[in-house]
Amino acid sequence: MIHILKVKELLDGKIVGNEDLNIEGPCSIKDGKKGCISYIKESKYLKYLENTNASVVIVDDSITIPLNLKQTIIKVKNASIAFISYLNLYSKHQNSDLLNIGSNPQIPDSTYLGENVIINNDVKISNDCEIHSNVYIGEKCIIGEGTIIRPNVTIHKNTIIGKNCKIKSNSVIGSSGFGLYSDSNGVHHHIPHVGNVIIEDDVMIGSSCTIDRGTINSTIIGKGTKFDNQVHVGHNVYIGMNCIVCAQVGIGGSTKIYDNVILGGQSGIIDNLHIYENAIIGPKSFIVKNVDKGSYVSGNPAINHKDNIKKNIILSKLPELYKKLSK
Amino acid sequence: MIHILKVKELLDGKIVGNEDLNIEGPCSIKDGKKGCISYIKESKYLKYLENTNASVVIVDDSITIPLNLKQTIIKVKNASIAFISYLNLYSKHQNSDLLNIGSNPQIPDSTYLGENVIINNDVKISNDCEIHSNVYIGEKCIIGEGTIIRPNVTIHKNTIIGKNCKIKSNSVIGSSGFGLYSDSNGVHHHIPHVGNVIIEDDVMIGSSCTIDRGTINSTIIGKGTKFDNQVHVGHNVYIGMNCIVCAQVGIGGSTKIYDNVILGGQSGIIDNLHIYENAIIGPKSFIVKNVDKGSYVSGNPAINHKDNIKKNIILSKLPELYKKLSK
Amino acid sequence: MIHILKVKELLDGKIVGNEDLNIEGPCSIKDGKKGCISYIKESKYLKYLENTNASVVIVDDSITIPLNLKQTIIKVKNASIAFISYLNLYSKHQNSDLLNIGSNPQIPDSTYLGENVIINNDVKISNDCEIHSNVYIGEKCIIGEGTIIRPNVTIHKNTIIGKNCKIKSNSVIGSSGFGLYSDSNGVHHHIPHVGNVIIEDDVMIGSSCTIDRGTINSTIIGKGTKFDNQVHVGHNVYIGMNCIVCAQVGIGGSTKIYDNVILGGQSGIIDNLHIYENAIIGPKSFIVKNVDKGSYVSGNPAINHKDNIKKNIILSKLPELYKKLSK
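About the criteria used
All residue numbers here refer to positions counted from 1 along the written sequence of the relevant chain. Lettering for chains starts from A, numbering for ligands starts from 1, and both go in the order in which the items are written. Totals for whole chains, interfaces and linings use every residue, but because this is a predicted model, local features are given only for residues with pLDDT of at least 70 and side-chain atom pairs only at 80 or more, for both listing and counting. Secondary structure elements follow DSSP: runs of H or I of four or more residues count as helices, runs of E of two or more count as strands, with numbering from the N terminus. Around each residue's C-beta, the other C-beta atoms within 10 Å are counted; 20 or more make the residue buried, 12 or fewer make it exposed, and counts in between make it partly exposed. All C-beta atoms are placed from the backbone. Working definition of a contact: two residues with C-beta atoms, positioned from the backbone, lying within 7 Å. Whether two strands pair depends on DSSP finding at least two bridges between them. Classification used: nonpolar for Ala, Val, Leu, Ile, Met, Phe, Trp, Tyr, Cys and Pro, charged for Asp, Glu, Lys and Arg, polar for all others including Gly. Delimitation of the domains relies on an automatic or database domain assignment. pLDDT expresses how confident the predictor is about each individual residue, on a scale running from 0 to 100. Here the copies are matched by least squares. The fit uses the C-alpha atoms of residues with pLDDT of at least 70 in both. Fitting a line to C-alpha atoms yields each axis, with helices limited to the stretch in contact; the angle taken between N-to-C directions then spans 0 to 180 degrees. What sets the label is the angle itself: under 35 degrees gives roughly parallel, over 145 gives roughly antiparallel, 65 to 115 gives roughly perpendicular, and the rest give oblique. Two helices cross in a left-handed way if the nearer one is turned anticlockwise from the farther one by less than a right angle. They cross in a right-handed way if the turn is clockwise. This arc is built from the directions going out from the helix axis to the C-beta atoms.

Bringing the overall build of chain A into the picture now. Regarding its fold elements, chain A presents three helices and 36 strands. When the backbone C-alpha atoms are referred to their principal axes, chain A occupies close to 80 × 60 × 35 Å. When each of the 327 residues of chain A is scored for burial, the buried share is 51%. Pairs at least 24 residues apart make up 24% of the contacts formed inside chain A by residues separated by at least 6 positions.

What follows is about the sheet that holds strand 15 (residues 160–161) of chain B. Residue and element names in this part refer to chain B. With parallel pairing, the eight strands of this open sheet are ordered in space as 9-12-15-20-23-26-29-32. In this open sheet, the two strands that pair with only one neighbour each are strand 9 (124–125) and strand 32 (274–275). As paired strands, strand 23 (residues 218–221) and strand 26 (residues 238–239) are joined by two bridges and run parallel to one another. Paired with Ile221 across the strands is Ile239, a residue of strand 26.

This next bit is on the interface of chain C and chain A. Facing 38 residues of chain C, the contacting portion of chain A comprises 34 residues. Looking at the side of chain C that touches chain A, the element that brings in the most residues is helix 3 (residues 305–326) of chain C, giving seven residues. Looking at the side of chain C that touches chain A residue by residue, the classes come out as eleven nonpolar, 21 polar and six charged.

All names here are of chain A. Each domain of chain A was delimited in the assignment, giving domain 1 (2–94) and domain 2 (171–306). One C-alpha centre belongs to domain 1, the other to domain 2, and the line joining them spans 30 Å. At the junction of the two partners, domain 1 supplies eleven residues and domain 2 supplies seven residues. In the side of domain 1 that touches domain 2, the residues fall into six nonpolar, five polar and no charged.

Predicted confidence across chain A gives a mean pLDDT of 91, with 96% of residues reaching 70 or more. Counting interchain partners and residues more than four positions distant, the pLDDT-below-50 stretch residues 95–101 of chain A has nine contacts.

The next thing to look at is the relation of the copies chain A and chain B. Rotating chain A by 120 degrees and translating it 0.0 Å along the rotation axis places it on chain B, where the RMSD comes to 0.1 Å. The transformation relating the two chain copies, once decomposed into turn and shift, fits a three-fold axis. By residue overlap, the copies meet through two different surfaces: only 18% of the interface positions of chain A are interface positions in chain B.

For the bond from Asn300 of chain A to Pro301 of chain A, the omega torsion is -5 degrees, close enough to zero to count as cis. Checked against the element boundaries, Pro301 of chain A lands in the loop between strand 35 (296–298) and strand 36 (303–304). The phi dihedral of Asn242 of chain B is positive, around 55 degrees, even though this residue is not glycine. Looking at the secondary structure, you find Asn242 of chain B in the loop between strand 26 and strand 27 (244–245). The class of Asn242 of chain B is buried, set by 21 C-beta atoms lying within 10 Å. Of note in the backbone geometry, Asn164 of chain C takes a positive phi value of approximately 50 degrees without being a glycine.

Next up on the list: the relation of the copies chain C and chain A. Take chain C, turn it by 120 degrees, move it 0.0 Å along the axis, and it overlays chain A with an RMSD of 0.1 Å. An asymmetric contact is evident, with only 18% of the interface residues of chain C recurring at the interface of chain A.

Turning our attention to the pairing of strand 6 (residues 72–76) of chain A. Residues and elements named next belong to chain A. Of all the five residues making up strand 6, four are buried; the element is thus mostly covered by neighbouring parts of the structure. Pairing between strand 2 (residues 14–16) and strand 6: three bridges, direction antiparallel. Directly across from Val16, in strand 6, lies its bridge partner Ile73.

Running from N to C, helix 3 (residues 305–326) of chain A and helix 3 of chain C cross one another at 60 degrees; their axes reach a closest spacing of 10 Å. Here helix 3 of chain A lies oblique to helix 3 of chain C, going by the angle between them. Here the hand of the crossing between helix 3 of chain A and helix 3 of chain C comes out left-handed. Between helix 3 of chain A, through Lys310, Lys311, Ile314 and Leu321 of chain A, and helix 3 of chain C, the contact on the second element is made entirely by Leu315, Leu318, Pro319, Tyr322 and Leu325 of chain C. Across the contact of helix 3 of chain A with helix 3 of chain C, the residue classes break down as seven nonpolar, no polar and two charged.

All right, on to the sheet that holds strand 25 (residues 232–233) of chain C then. Taking strand neighbours across the sheet as the criterion, the nine strands line up as 8-11-14-17-22-25-28-31-34 (chain C) in an open arrangement whose pairing is parallel. In the strand order of this sheet, the two ends are held by strand 8 (118–119) and strand 34 (286–287) of chain C, each with one partner.

This paragraph deals with the environment of Tyr86 of chain A. All names here are of chain A. Here Tyr86 is to be found in helix 2 (residues 79–94). For the pair Tyr86 and His232, spaced 146 residues apart in sequence, the C-alpha to C-alpha distance is 28 Å. Discounting chain neighbours no more than four positions away, the residues touching Tyr86 are Val7, Leu11, Pro26 and Ile37.

Attention shifts here to helix 1 (residues 4–11) of chain C. All names here are of chain C. Residues Ile4, Val7 and Leu11 constitute the buried set of helix 1. For helix 1, the buried positions fall inside an angular range of 60 degrees around the axis, keeping them on one side. Turned more than 90 degrees from where helix 1 packs its buried face, Leu5, Lys6 and Glu9 sit exposed. Immediately beyond the C-terminal end of helix 1, within one or two residues, lies Asp12, with a positive phi of roughly 55 degrees.

Residue and element names in this part refer to chain B. Burial along strand 23 is two-sided: the face carrying Ser218 and Ile220 and the face carrying Thr219 and Ile221 are both buried. Inspection of the sheet shows strand 20 (residues 196–199) paired to strand 23 by four bridges, in the parallel sense. In the strand pairing of strand 23, Ile198 is matched with Ile220.

Residue-level contacts link 38 residues of chain A with 34 residues of chain B. A total of seven residues in the side of chain A that touches chain B trace back to one element, the largest contributor, which is helix 3 of chain A. Within the side of chain A that touches chain B, the residues separate by chemical class into eleven nonpolar, 21 polar and six charged.

This is how it looks when you write it as structure tokens:
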């Protein structure tokens, strides 16, 4: 909880509305959350202002606000920069990590603990887990029954891992995502990430994978999904149940992958896409648009797999064809 | 050693043949190994049954077995699932890792040991090695003379590393591979991996590489081969002598790469291929079929390198050509 | 400082010139450095010999040297192999790492130190840094004010990091690069790397990135540049200010990237290129030649982005076109 006057002071803003309330945390503008704070990034998001459940909204000075809003407004010079400042403040308030180590952990006797394991405050581990050597677990993580964490894995705060999962060596779960705000001088500001990662039951994460936490909400890996090594998952990604993700795949931020999808090795998916149920993506494909349910795509850029094969056959005949046509 | 009756009980199967024998470990059906157990995955593997050296073979109930087999058969509902169960049992029997740490190690005085190094049971280190800080070495690993392991490397059990090798920071050697068995409900079961990794003399592995161990046998990296960073090697891969593997290359499971091959950066090779001696694979190529001895291929999918260059030249003229043809 | 007679003995060479001087370290032949030693790799580098600032130069026996050189020459059978031997000797002289740990460090009271942190000799940390658990910092590293190093990061010796940087979990900074010398028997010798990595102020490095140190000089990441996860940067690379480098990008050795460049996810750039100011490289692109200031390229191989879109549209019509033409 941070008092609105403290936030106002930090942001050098003006309050329009209730000056005596405590802000619980950040939320998105679209849905919002009672007691929480959001912001209007661009004028196209103004439409969400009247109906958001957020209690406080940061807006640019230059924007004309509708009368009789139920939300409290903080007017600032630059709402994006101001929200980053708020997130940094919020993030530090959360951060007992820096104060002390290991208070109030729940570690059952059935846990196998390797050497040099670091477990931060308020971590909860269920029965029959293996936490191998040199693993780091940030505060408030929850780890389900029978889950195995291999050596040298880093798990950042607030991560939730289900039952019977395997997280293989040197993977990083829940690091902050690649969200940047670029100001008018071309300087890039890293947006603090206060969300988390949720890994459901029976998931396997390969060696040296990186799964970023959500900006405000969660990055989610669904039940039974299996990853090979060196997979990268951006912030706010959702992956459904029983997917297969092969080695060196990269998934851009906020992309949504539905149940039973197969992603071939080294394939790449840009941000904000939908890959629907049972789709198959061939190895080394480059996905720049949504992929339909049950379809099989491949190539760079990816198209229907059969068409891609045909295309490649014709391309192999192209030199000959070109010669003929040139005549 | 696990007695066959214990295995039968675990698998809920019926024994046809010798009911009083101890099973040493798993083996493949094709060659087999005396005293060991294998299984028939699909009916096309039945042809190996009569001549395999395996002493015990798990088969589906539904399969008709030839009479007078010298091998003992265990009949089960689903041979694939049953073999996974056996491997899990075998794997736990092997796993003294969880009982205690560091008994019976062989660490000569000439070894440089960094801080927080974890060395498990029965590890053998030869003279003049450097094992840097935060390295984890699983049980029964063997490390040859003069080899250097950089900080934060994870080396899993049974790995064998030759003389004068360099394993650079944060690499993972010998984690379990990406072998899945998908049942009729679409649930993917991870197949336990009881093989290992063998790295021969004078090999260099870059930073943050991942090399998976064999399912039953070994993943092998040949003498003098050099890896750049972030290379991924799947289970059961064989790489020959003096190969050059550039950064971010991915090699699919069971692929065989012969001597003196060069793999360009970010290239990807699917599983079960053969890349013959002295072949060169251009950077960012995608290899979907065998590559001949001494040939130079590139592109996605990869073709002869000269043809690929020609193809790209013609492609650059395509818009113009298309315009003319449309007329 | 190593006396020239010791070097001569090691290299089994002959000195032409001053036999009584101490060699400070290695340098490149093109510019050279007073008191230092370089070598002539191939005859095309002979043109630099007369004007180099290097005090000592190793050359092949077979080369005819100009008379009245101010530099001292060491004649050897194979200059490349000899220089590798010298670098190994120099590298060992530098390497107090193996003698003891943690003497003479500068760690202010304001530093947050996690558990199991390893800090080698002569490391200098400025105020208000966070060095999280299981981090390894090699000797003589310098870390600027307010910089945060997340868990399980490896930072090799002589790395210089500026103010307010973030180095995320499991990244490796300053490991030796992928420089090989292949002798006439096809054996590849790893060239020792005695340069370092310099990271300027306000840089963010994602999780599981690998940034190799320079062969003799520095690999440089400019002020304000931000990396996503699993990025690979080869030795001797220069990256300018405020660049954005997305996930799983690979940058080949000695490539120079100027200010404000954007590199899309999974793109790859071969070695020794120039990517000029404000250029944009699309995701999964393959860059094989220099990219002009302000241009936007994409594809494999990359061409002008608009042309690439056009090309892909025409390619999608190719089967139809081919059918018509075949008639």
